[in-house]
Amino acid sequence: MPKKKAKKKLESGMVFHALKLNEQDLRHLRWVLSDHIEDQKHLMNSPPANGQSPEEMLEDWVIARDFMADSMKIIQMIDKVYPEGGE
């Protein structure tokens, strides 16, 4: 008897399924991600916090940059399917 194929789990243990979004969902996701990008830009341009070492400041900057880049990649994927302003 053939073995059943198990769903592939991510390292976190979360099962990943296909996600279907309509145009309204995509507009809202783009809006949320755009806001997230602005927040990350603000964090990257902020002066160091009191008592923050240069290494900690750099680490915070790199994390903000990575979050911003991830959001931008998702927006690019959305734009391929539903260009901004494309009603």
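Conventions and cut-offs
Residues numbered from 1 in each chain as written. Predicted model: local features only at pLDDT ≥ 70, side-chain atom pairs only at ≥ 80, totals over all residues. Heavy atoms only, no water. Helix = DSSP H or I, 4+ residues; strand = E, 2+ residues; numbered from the N terminus. Buried < 20%, exposed > 50% of the residue type's maximum accessible area, 1.4 Å probe, protein only. Contact = heavy atoms within 4.5 Å. Salt bridge = Lys/Arg side-chain N within 4 Å of Asp/Glu carboxyl O. Expected span 1.5 Å × (residues − 1).

### Concerning the overall build of the chain
- Of regular secondary structure, the chain possesses two helices and zero strands.
- Going through the 87 residues of the chain one by one, you find that 14% of them count as buried.
- Pairs at least 24 residues apart make up 72% of the contacts formed inside the chain by residues separated by at least 6 positions.

### Here's the deal with the side chain of Gln-40
- The residue Gln-40 is located in helix 1 (residues 23-45) in this model.
- With a relative accessible area of 7%, Gln-40 lands in the buried category.
- Once residues within four sequence positions are removed from consideration, Gln-40 is found in contact with Ala-64, Phe-67 and Met-68.

### A closer look at the pattern of salt bridges
- The final tally for this structure, using the stated rule, is three salt bridges.
- When the shortest N-O distance is used, the salt bridge between Asp-79 and Arg-30 registers 2.7 Å. With a gap of 49 residues between them, Asp-79 in helix 2 (residues 54-81) and Arg-30 in helix 1 connect regions that are remote in the sequence.
- Arg-30 gets classed as buried once you look at its relative accessible area, which sits at 6%.

### Structural notes on the environment of Leu-29
- Mapped onto the secondary structure, Leu-29 falls in helix 1.
- Of the residues examined, Leu-29 reaches a relative accessible area of 29% and is grouped as partly exposed.
- Taking C-alpha positions, Leu-29 is 8.3 Å from Ile-75, a pair spaced 46 residues apart along the chain.
- Contacts of Leu-29, omitting those with residues within four sequence positions, involve Leu-21, Ile-74 and Ile-78.

### Quick word on helix 2
- The first and last C-alpha atoms of helix 2 sit 41 Å apart over 28 residues, in line with the 40 Å expected at 1.5 Å per residue.
- If you check which residues of helix 2 are buried, you get Ala-64, Met-68, Ser-71, Ile-75 and Ile-78.
- Looking at the packing, one finds that the buried side of helix 2 touches helix 1.

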